[in-house]
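# Analysis of the macromolecular model
Spelled out, the chains give:
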Amino acid sequence: MTATSMGTPSAFEDLTYKKVAWRIMPLLMICYIVAYLDRVNVGFAKLQMLTDLGFSEAVYGFGAGVFFFGYFIFEVPSNIILHRVGARVWIARIMVTWAVISGACMFVSTPTSFYVMRFLLGLAEAGFFPGIILYLTYWFPSARRSKIVSIFMAAIPLAGLIGGPLSGWIMESVAGVNGLTGWQWMFVLEAIPAVILAVVVFCYLDDGIKHAKWLNDEEKAMLAANIVADQREKVDHGSFGAILKDGRLWLGIVVYFCIVMGQYGLTFFLPTLIKTAGIKGILNIGLFTAIPYGAAVISMIFFGRRSDKTRERRWHLVVPMYMGVIGLTGSALAGTTNTEIAVAFLTLAAAGVLSATPLFWALPTSFLAGASAAAGIAAINSVGNLSGFVAPFLIGAIKDATGSSNIGLFVISGVLVIGSFAVLKFPAKLVNK
């Protein structure tokens, strides 16, 4: 029995896991920063695109969200392929495909072309996020996973921290160059890093412990033994049909649907909400979006570390969800009357909903193993991410009808409350590992 399985990790184990983390996590985080930026930079494009192309808020909301239909269709097959052929080749393939399509969004000119390109982008990117979550289960046992997933997913607020000012700068500084608008240049320039990183992934990433030449035999044996011990406590259903009969999978889908609705309701509309709060100028809006995302980086790492340290999973997820509820509701109530208070509430909302996402993954990965983990993680992510369509479309349609996003923010807050009750349906004994 390993030290980790007995609950007393040795200094050797801690050093080895730190070595693994420093080897793979910086690259994975950079890749996810680029992935997330290419997914949500449409929120910045919106500030110019709607006027240039004559799109309504509902057209934007549908186009932003239709991404997740493509995502839904190919997510499970993609993760199963990754489990069979290895992460290195498959993740590199995903990155090249989405880069090409993201850059091609510069050619959008009609609502139909907008919908088609967003759908294809979702199809191309499907499998990247659940593939990385699956990949991390090859290296880190349940007891260490909340912190490591939180570190990985800190890429989301980092994408906002970097991408907000970057997108604002591109759209203001190069607008009109070679006859292209600022939003067209943004799509092109922000797609290039994904191609470069795909080459790095192909050359640098290892498919698993046994392929890691930078580990010695003792380190490999310890890591592999810990993964084997961790897998013994989990379920490999044997078939996808059997997975779908597991009620815990569907409970996870409900929880994740609610969390992701909050996440994308915020990230797709944060530039607009910042503008509504009274900030003027695209570059200034970009700079102000860095405030909520900066707070989210700190919050995600804090909650992830504390969850692993205490081995408590449910309340560490519920608390950030309620931070999101208070933040979204408060920002809606503050409106344009007080810029500072509105931005403060948006900061609380970002710290909450973005922290909830990585903390959630401690739940399903505590009982799924092997092929069940590959298919189950992808199923939860694909179905749950359909709320990424519902949230922007709902807010856009409500804003068209009422002239305000407030009702949409109240609805999303209510969904987060429902999700928090669903979290507590998971038995503590099952997930607190």
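Look a little higher up for the structure.
Summarised in this report is the structure supplied together with it. (Residues numbered from 1 in each chain as written. Predicted model: local features only at pLDDT ≥ 70, side-chain atom pairs only at ≥ 80, totals over all residues. Heavy atoms only, no water.)

### A closer look at the overall build of the protein
Helix and strand counts for the protein stand at 20 helices and zero strands. For a compact globule of 433 residues, the expected C-alpha radius of gyration is about 22 Å, and the protein comes in at 21 Å, within 12% of that figure. Burial status across the protein gives 61% buried among its 433 residues. Residue pairs at least 24 apart in sequence account for 84% of intrachain contacts in the protein once pairs closer than 6 positions are excluded. In the structure as shown, the protein presents an accessible area of about 15700 Å², 70% of it carried by carbon and sulfur atoms. (Helix = DSSP H or I, 4+ residues; strand = E, 2+ residues; numbered from the N terminus. Rg over C-alpha atoms; globule rule 2.2 N^0.38 Å. Buried < 20%, exposed > 50% of the residue type's maximum accessible area, 1.4 Å probe, protein only. Contact = heavy atoms within 4.5 Å. Areas by Shrake-Rupley, 256 points an atom, 1.4 Å probe, with all protein chains shown as cover.)

### Looking at helix α12 (residues 247-267)
In an α-helix there are 3.6 residues to a turn, and that puts residues three or four apart on one side. Between its first and last C-alpha atoms α12 spans 30 Å; for 21 residues at 1.5 Å apiece the expected length is 30 Å, and the two agree. When you tally the buried positions in α12, you get 15 out of 21 residues, the bulk of the element. (Expected span 1.5 Å × (residues − 1).)

### Digging into the pattern of salt bridges
In this structure the tally under the stated criterion is seven salt bridges. Notably, a salt bridge pairs Asp 206 with Arg 23, separated by 3.9 Å at the nearest N-O pair. Of the two residues, Asp 206 is situated in the loop between α9 (182-204) and α10 (217-232) and Arg 23 in helix α1 (residues 11-40); the sequence distance between them amounts to 183 residues. Its salt-bridge partner being Arg 313, residue Asp 308 comes within 2.7 Å of it at the nearest N-O pair. With relative accessibility at 9%, the residue Asp 308 sits in the buried group. Members of the salt-bridge network, linked through shared partners, are Lys 46, Glu 57 and Lys 399. (Salt bridge = Lys/Arg side-chain N within 4 Å of Asp/Glu carboxyl O.)

### Some points on a positive patch on the surface
Among the surface-exposed residues, Lys 18, Lys 147, Arg 305, Arg 306 and Lys 309 lie close enough to one another that they form a single positively charged patch. In terms of residue count, helix α14 (residues 282-310) provides more of the positive patch than any other element does, three residues in total. Summarising the element assignment, Lys 147 is placed in helix α7 (residues 145-153). (Patch = residues over 30% accessible without salt bridge, like charges linked within 9 Å, V, L, I, M, F, W, Y side chains within 5 Å. Lys, Arg positive; Asp, Glu negative; His and termini not counted. Charge placed at Lys NZ, Arg CZ, Asp CG, Glu CD.)

### Quick look at the state of the cysteines
As enumerated under the stated definition, the model contains zero disulfides in all. Free cysteine: Cys 203, not disulfide-bonded; nearest cysteine sulfur from Cys 31 at 12 Å. Given the relative accessible area of 65%, Cys 203 is considered exposed. (Disulfide = S-S within 2.5 Å.)

### Quick look at the packing of helix α6 (residues 128-137) against α7
Look at α6 against α7: their axes get within 11 Å of each other, and the N-to-C directions meet at 145°. The two elements α6 and α7 cross, and the hand of that crossing is right-handed. Of the residues in α7, those in contact with Phe 129, Ile 132, Ile 133, Leu 136 and Thr 137 of α6 are Arg 145, Ile 148, Val 149, Phe 152 and Met 153. (Axes fitted to C-alpha atoms, helices over the stretch in contact; angles between N-to-C directions. Left-handed = near helix turned anticlockwise from the far one by under 90°.)

### Re the packing of aromatic side chains
What the rule picks out here adds up to 26 aromatic pairs. Centroid distance Phe 69 to Phe 389: 4.8 Å. Interplanar angle 55°. Geometry classified as tilted. Separated by 320 residues along the polypeptide, Phe 69 in helix α3 (residues 57-85) and Phe 389 in helix α18 (residues 387-402) bring together distant segments of the chain. The class of Phe 389 is buried, set by a relative accessible area of 13%. The interplanar angle of 20° and the centroid separation of 6.2 Å between the aromatic rings of Phe 129 and Phe 152 together place this pair among those described as stacked. On the criterion of sequence distance, the pair formed by Phe 129 in helix α6 and Phe 152 in helix α7 is long-range, its members being 23 residues apart. Cluster of aromatic residues (ring-pair linked, three or more members): Tyr 32, Tyr 36, Phe 67, Phe 68, Trp 98, Phe 128, Phe 129, Phe 152, Tyr 256, Tyr 264, Phe 360 and Trp 361. (Phe/Tyr/Trp six-rings, centres within 6.5 Å; stacked < 30°, edge-to-face > 60°.)

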